[in-house]
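Each chain is listed here by its residues.
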Amino acid sequence: MSKGTLVLSIQGGADNWSPQRWIERFNAVGHGRKVVLLPEQISDPDDVHYAAVWKPQPGVLAAFRNLRAIFNLGAGVDALMADPTLPKVPIVRVAVDDLTGRMTEYVVLHVLIHHRQQLSLRDDQSRKLWQPGAQWAAGAVTVGIMGLGTLGRDAAEVLRRMGFRLVGWSNSAKTMDGVECFSGRDGLAPFLAKTHILVCLLPLTAETRHILNRRLFEKLARNSPLGGPVLINAGRGGLQVEADILSCIEDGTLLAATLDVFETEPLPTNSPLWSHPRVIVTPHNAADTDADAISAYVAEQIARFEAGEPLRNVVDVTRGY
Ligand code: NAP
Ligand code: GLV
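Residues numbered from 1 in each chain as written. Chains lettered and ligands numbered in written order. Predicted model: local features only at pLDDT ≥ 70, side-chain atom pairs only at ≥ 80, totals over all residues. Heavy atoms only, no water.

**Q** Honestly, the pattern of salt bridges in this entry has me stumped. Any pointers?
**A** Overall, the coordinates contain 16 salt bridges when judged by the stated rule. When the shortest N-O distance is used, the salt bridge between Asp 292 and Arg 21 registers 2.5 Å. With Asp 292 in helix H9 (residues 291-306) and Arg 21 in helix H1 (residues 19-29), this pair connects stretches of sequence that are 271 residues apart. Asp 292 sits in the partly exposed class, given a relative accessible area of 35%. (Salt bridge = Lys/Arg side-chain N within 4 Å of Asp/Glu carboxyl O. Helix = DSSP H or I, 4+ residues; strand = E, 2+ residues; numbered from the N terminus. Buried < 20%, exposed > 50% of the residue type's maximum accessible area, 1.4 Å probe, protein only.)

As structure tokens, then:
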């Protein structure tokens, strides 16, 4: 009897999205299950039980009537949520230590770049200037994390251990050791009023689109030892209004920004963000999806599911994340 086919649909430009690599990995962990990379022709669409996807073309999964689950090969499901033809089966997202650890590295790196004044020091170096300024302690800086999910909680814990003060904001109320937690619309302003370095790890949903705008930046704490508030966005580009980020850096509402994600990706070459001295641009690589780790995670979830256990990290489609 057939074990059911797994289809792969991958649209990603980066090295870690090489379809050949993913086919190899799924064949290695599939225990003989047939794996087909779309758009290859499928002889028996009714034999397709699982799909593993990254930014699939809208409509591409609609033909599979016997689909049992869709595995999104990343943490963010905004691209999938935009497909109205998606079969109504559970959607599982990535929540694994490998990806979480990568994101925490990115957040810690960029919090430290701004906290340790690395942009100014780099500028001094380019002019051969030896001018050490005062350096404040981590405990003088409050990092505010928007999104206390899988990624935000881990980053918060590591930063707290490094001595930073932490505040966090989420949809539902939370408690976390050493992190002052705020939630919901009413919690946003008091959260921002305490934040010196704002780290955004929110999903992109109808509620969060363009949340990182001038009105929000104006509510950030003005008493930062850094000289002004800093934004780090590694969530999604659709969360931010790029014109507001630039104008807020120009008029001092923001001191600087690190951006891993953009309204249009790749970031167009004519974007002023590329060359702004107080903006760090990275190419949406804060936390890569690793084919080894994630194919093993999907295989384990399928094994659990076929043994009658519940799938883990299932997306709530009404919330959109
Ligand atoms: P998650 O576990 O689903 O956590 C999302 C967090 O955001 C939760 O704490 C949730 O609150 C909060 N949230 C959602 N909507 C909100 C709202 N309207 N108001 C306040 N809080 C809200 O997601 P995750 O795994 O941490 O990933 C977060 C995002 O990171 C992904 O969606 C993706 O866009 C992005 N990401 C980027 C990269 C990269 O390389 N740049 C890599 C991976 C992921 P509750 O806890 O109350 O539900
Ligand atoms: C990457 O952006 C992800 O959502 O995993």
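More follows now that the structure is in view.
**Q** Even after reading the chapter, I still don't get the sheet that holds strand E6 (residues 142-146), so can you show me in this structure?
**A** Hydrogen bonding along the main chain pairs the strands of a sheet, whether they run parallel or antiparallel. Spatially, 7 strands are ordered E8-E7-E6-E9-E10-E11-E12 in an open sheet, and the strand pairing comes out parallel. Both edges of this open sheet fall to strand E8 (179-183) and strand E12 (279-281), since each of them pairs with a single strand only. In this sheet, neighbouring strand axes are inclined to one another by 15° on average, regardless of whether the strands run parallel or antiparallel. As paired elements, E6 and strand E9 (residues 197-200) share 4 bridges and run parallel to each other. By the bridge assignment for E9, Gly 144 is matched with Leu 198. Along the sheet, helix H5 (residues 150-161) makes contact with E6, strand E7 (165-170) and E8, crossing E6 at roughly 170°. Sheet contacts for helix H8 (residues 242-250): strand E10 (230-233), strand E11 (256-259) and E12; angle to E11, the most-contacted strand, approximately 150°. (Pairing = 2+ DSSP bridges. Axes fitted to C-alpha atoms, helices over the stretch in contact; angles between N-to-C directions. Contact = heavy atoms within 4.5 Å.)

**Q** How should I be thinking about the sheet that holds strand E2 (residues 35-37) in this particular structure?
**A** Spatially, E2-E1-E3-E4-E5 is the arrangement adopted by the 5 strands of the open sheet, whose pairing is parallel. Edge positions in the open sheet fall to E2 and strand E5 (91-92), since each of these has one partner strand only. Note: strand E1 (residues 5-10) against strand E3 (residues 48-54), 6 bridges, orientation parallel. In the sheet register, Leu 8 faces E3, and the bridge partner there is Ala 52.

**Q** Could you clarify how one ought to interpret the domain arrangement of the chain in this entry?
**A** Here the domain parsing of the chain yields domain 1 (5-96 + 289-306) and domain 2 (100-281). With centres defined by C-alpha atoms, the gap from domain 1 to domain 2 works out at 32 Å. Per-residue buried area on domain 1 facing domain 2 is highest for Asp 78, Val 96 and Asp 290; these three make up 58% of the total on that side. Linking domain 1 to domain 2 there are 2 salt bridges. The partner of Arg 236 in a salt bridge is Asp 78, with the nearest N and O atoms 2.9 Å apart. For the pair domain 1 and domain 2, the number of links is 3 residue pairs in polar contact (both at pLDDT 80 or more). Looking at side-chain class alone, the side of domain 1 that touches domain 2 contains 3 nonpolar, 1 polar and 3 charged residues. (Domains from an automatic or database assignment. Buried area = accessible area lost by both parts, 1.4 Å probe. Polar contact = N/O pair within 3.5 Å; in protein donor to acceptor, adjacent residues only side chain to side chain. Nonpolar A, V, L, I, M, F, W, Y, C, P; charged D, E, K, R; others polar.)

**Q** Sorry if this is basic, but what is going on with the packing of helix H3 (residues 97-115) against H5 here?
**A** Packed helices, taken two at a time, are described by their axes: the angle between them and the distance between them. At a minimum axis distance of 9 Å, the contact between H3 and H5 shows a crossing angle of 50°. Considering their axes alone, H3 and H5 lie oblique with respect to each other. Crossing hand, H3 versus H5: right-handed. On the side of H3, the interface is formed by Leu 99, Thr 100, Met 103, Thr 104, Val 107, Val 108 and Val 111, while H5 contributes Thr 150, Leu 151, Asp 154, Ala 155, Val 158 and Leu 159. Along the lines of polarity and charge, the residues of the contact of H3 with H5 split into 9 nonpolar, 3 polar and 1 charged. (Parallel < 35°, antiparallel > 145°, perpendicular 65-115°, else oblique. Left-handed = near helix turned anticlockwise from the far one by under 90°.)

**Q** Would you explain the site of ligand 1 in this entry?
**A** Lining the immediate environment of ligand 1, one finds 30 residues, of which Arg 93, Ser 172, Lys 174, Asp 260 and Tyr 321 sit closest. A distance of 2.9 Å separates an oxygen atom of ligand 1 from a polar backbone atom of Thr 150. Take Leu 151: an N or O atom from its main chain is 2.9 Å from an oxygen atom of ligand 1. Against a free-state accessible area of 940 Å², the protein chains account for coverage of 93% of ligand 1. Those elements giving two or more residues to the shell around ligand 1 turn out to be H3, H5 and E7. Broken down by class, the residue content of the shell around ligand 1 amounts to 14 nonpolar, 10 polar and 6 charged. Mapping the shell around ligand 1 onto the domain boundaries places at least three of its residues in each of domain 1 (5-96 + 289-306) and domain 2 (100-281). (Near = heavy atom within 4 Å. Areas by Shrake-Rupley, 256 points an atom, 1.4 Å probe, with all protein chains shown as cover.)

**Q** Is there a simple way to explain the site of ligand 2 in this structure?
**A** By nearness alone, every residue bordering ligand 2 is listed as Trp 54, Gly 74, Ala 75, Gly 76, Leu 99, Arg 236 and His 284. Separating an oxygen atom of ligand 2 from a side-chain N or O atom of Arg 236 is a distance of 2.7 Å. The contact in question runs from an oxygen atom of ligand 2 to an N or O atom on the side chain of His 284, over 2.7 Å. Isolated, ligand 2 exposes 200 Å² of accessible area, and the fraction of that covered by the protein chains is 87%.

**Q** What exactly am I supposed to notice about the packing of aromatic side chains here?
**A** All told, the structure shown has 6 aromatic pairs when counted by the stated rule. Ring centres 5.0 Å apart and planes at 5° place the aromatic pair Trp 17 and Trp 54 in the stacked group. Within this pair, whereas Trp 17 is found in the loop between E1 and H1, its partner Trp 54 is found in strand E3, the two being separated by 37 residues in sequence. According to the relative accessible area criterion, Trp 17 is buried, its value standing at 7%. (Phe/Tyr/Trp six-rings, centres within 6.5 Å; stacked < 30°, edge-to-face > 60°.)

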